[in-house]
Every structure is written in C-alpha cells, then in structure tokens.
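Now for the letters of each chain:
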Amino acid sequence: MKSLSITGLILLAVSALLFYLTTDFAVEQIKISHIMGIMAGIGIGLIIGGMVGYVSKGSAIKAEQKKKEFKQLQKDKEELEKQAAEIAKRQAELEDQNKTPQI
C-alpha cells in the first residue's frame, strides 16, 4: 500500500507538471480534453484502487482464518494432552492395584 501511494503521488506530480506546461494554470486555457483526461485518471485510479483493496482484504481474511485454525489446533492439542495424562494416571492406578497383594 505504501508503494502504491508513492506511485500515485509521483503520477499526480507528473500530471500537474504536464498541465502546467500546456495551460500555465490559466483557467481560460482549460479545454474539454483536460476535463476528459482528469475523469479518465480518476476512473483508472478507482479501478486500480478497488483491485488492490480487494486483494489486500482477501489476504487479510486468509491470514485471520489461519490464525483461528492455529488457535483451534492449540486447544485440541491441550485437550489431547489432558486426556493422555488422565489415561496415564488411570493406568498407573490399575498397575498399583495389580501389584498390591490381595487378602
């Protein structure tokens, strides 16, 4: 996004320079071709901005989804570790019961 903003500022400066060279910033010299160029530039800027926004939002959504999946996997891992500890505890209790002599 930062490089896109810098590119936009450079293009704006170039267009201002070209406008100055053709009209000397005089309102009387502005023609319909200048208005058409301004409108075309705005349209192209909106199209490119929309595409970049769409791509960056898609990337952000994918990153958020990966983050949620990672948190879910961590929760599942903790649950499995608790179950494994409980099973080990039960096995140890069973072994202790088998080792003690019964009267």
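Read on for a plain summary of the structure. (Residues numbered from 1 in each chain as written. Predicted model: local features only at pLDDT ≥ 70, side-chain atom pairs only at ≥ 80, totals over all residues. Heavy atoms only, no water.)

**Side note on the overall build of the protein chain**
Across its full length, the protein chain carries 2 helices and 0 strands. In terms of overall dimensions, the protein chain is more spread out than a globule: its C-alpha atoms have a radius of gyration of 34 Å, far above the 13 Å expected for 103 residues. Reported as C-alpha extents along the three principal axes, the dimensions of the protein chain are approximately 115 × 20 × 10 Å. Within the protein chain, the fraction of its 103 residues that count as buried is 3%. When the accessible surface of the protein chain is totalled, it reaches about 9,700 Å², and 66% of it is carbon and sulfur. (Helix = DSSP H or I, 4+ residues; strand = E, 2+ residues; numbered from the N terminus. Rg over C-alpha atoms; globule rule 2.2 N^0.38 Å. Buried < 20%, exposed > 50% of the residue type's maximum accessible area, 1.4 Å probe, protein only. Areas by Shrake-Rupley, 256 points an atom, 1.4 Å probe, with all protein chains shown as cover.)

**Brief notes about a negative patch on the surface**
A cluster of acidic residues, Asp76, Glu78, Glu79 and Glu81, forms a negative patch on the protein surface. Turning to its location among the elements, Glu81 is positioned in helix 2 (residues 32-99). Taking relative accessible area as the criterion, Glu81 reaches 48% and is therefore assigned partly exposed. (Patch = residues over 30% accessible without salt bridge, like charges linked within 9 Å, V, L, I, M, F, W, Y side chains within 5 Å. Salt bridge = Lys/Arg side-chain N within 4 Å of Asp/Glu carboxyl O. Lys, Arg positive; Asp, Glu negative; His and termini not counted. Charge placed at Lys NZ, Arg CZ, Asp CG, Glu CD.)

**Digging into the layout of surface pockets**
There is about 700 Å³ of room inside the largest pocket. In terms of lining residues, the largest pocket is bounded by 19 residues, among which Leu11, Leu12, Ser15, Gly41 and Ile42 are the most central. Residue assignment for the lining of the largest pocket shows that the elements contributing at least two residues are helix 1 (2-23) and helix 2. The biggest single contributor to the lining of the largest pocket is helix 2, with 10 residues. (1 Å grid on protein atoms, 1.4 Å probe; cavity = no way out; pocket = protein on both sides within 12 Å on 5 of 7 lines; lining within 4 Å. Points joined across faces, edges and corners; volume = space filled by probe spheres on them.)

**Description of a nonpolar patch on the surface**
Taken together, the side chains of Val27, Ile30, Ile32, Ile35, Met36, Ile38, Met39, Ile42 and Leu46 present a nonpolar region at the surface, about 940 Å² in accessible area. Topologically, Met36 is positioned in helix 2.

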